[in-house]
Amino acid sequence: VYEGTDSAPLLKGAGHFTGTSIWLGNVCVAGHNRGVRNDFGKIHTLKSGDAILFTTELGTRTYAVNRVTKVSVNDVSGLEPSSTNMITLYTCVENQPAYRWCVTAVGVDG
């Protein structure tokens, strides 16, 4: 995961939303799902309870998916801080540029 969500980091891999947590609280990450990169290709098919593992220099945290929604491209409510350890993933909706897939998952290991 690279820092930032503009073109340069997303050409290399998934991008961390600057200003959001990288470990405690709400960790927010975006990625492409087709074309040059396919890091988040099928995240919209995740189901409640599916596990997401996120590894940083601080360790590995496991999250359980609790919601997969299609949101407006202008909806940034998923970037809000949280006192709960969680991860929020964003990617495009194919052929629907006005929307994004938003996956939220809650930490299961602290």
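Every residue gets a number counted from 1 within its own chain, in the order that chain's sequence is written. Only residues with pLDDT of at least 70 get local features here, since the model is predicted, and only at 80 or more are side-chain atom pairs given and counted; chain-wide, interface and lining totals rely on the full set of residues. Derived side-chain values reflect all non-hydrogen atoms in the structure, with water molecules and hydrogen atoms excluded from consideration.

## Some details on the overall build of the protein chain
Here's step 1: The way it works is that DSSP assigns letters per residue, a run of H or I at least four long becomes a helix, a run of E at least two long becomes a strand, and they are numbered from the N terminus. Across its full length, the protein chain carries one helix and seven strands.
Here's step 2: Ordered by position in the sequence, the α and β elements of the protein chain form the string β-α-β-β-β-β-β-β.
Here's step 3: We compute the radius of gyration from the C-alpha atoms alone; for a globule the expected value is 2.2 Å times N to the 0.38, where N is the number of residues. By the compact-globule yardstick of 13 Å for 110 residues, the protein chain fits well, its C-alpha radius of gyration being 13 Å.
Here's step 4: Accessibility here uses a 1.4 Å probe with only protein chains present; expressed as a share of the type maximum, an area under 20% marks a residue as buried, one over 50% as exposed, and anything in between as partly exposed. Burial status across the protein chain gives 37% buried among its 110 residues.
Here's step 5: Should any heavy atoms of two residues lie within 4.5 Å, those residues are counted as being in contact. Sequence separation of at least 24 residues holds for 54% of the intrachain contacts in the protein chain that already meet a minimum separation of 6.
Here's step 6: Here, Shrake-Rupley sampling with a 1.4 Å probe gives the accessible areas, and only protein chains in the shown set may cover a residue. Element-wise, carbon and sulfur atoms account for 53% of the exposed surface of the protein chain, whose accessible area totals about 6,200 Å².
Here's step 7: The charge count treats Lys and Arg as positive and Asp and Glu as negative. His and the chain ends do not count. Lys charges are placed at NZ, Arg charges at CZ, Asp charges at CG and Glu charges at CD. In the protein chain, which carries 9 positive and 9 negative side-chain charges, the distance between the mean positions of the two groups comes to 8 Å.

## Quick look at the sheet that holds strand 1 (residues 2-3)
Here's step 1: Strand order in the open sheet made by the seven strands is 1-2-3-6-7-5-4, with mixed pairing throughout. Each edge of the open sheet is held by one strand with a lone partner, namely strand 1 and strand 4 (51-56).
Here's step 2: Should DSSP find at least two bridges between two strands, the strands are taken to pair. In this sheet, strand 5 (residues 59-72) lies alongside strand 4 in antiparallel orientation, the contact comprising six bridges. Bridge assignment links phenylalanine 54 to a residue of strand 5, and that residue is arginine 61.

## Quick notes on the pattern of salt bridges
Here's step 1: A pair is scored as a salt bridge if a Lys or Arg side-chain nitrogen falls within 4 Å of a carboxyl oxygen belonging to Asp or Glu. For the structure on display, the rule yields two salt bridges.
Here's step 2: Here arginine 37 ties to aspartate 39 by a salt bridge, and the two come within 2.8 Å at their closest N and O atoms.
Here's step 3: Arginine 37 sits in the partly exposed class, given a relative accessible area of 24%.
Here's step 4: Of the charged contacts, one joins arginine 61 and aspartate 109 as a salt bridge, the two residues approaching to 4.0 Å between their closest N and O atoms. Taken as a pair, arginine 61 in strand 5 and aspartate 109 in the segment after strand 7 (99-107) lie far apart in primary sequence, 48 residues in all.

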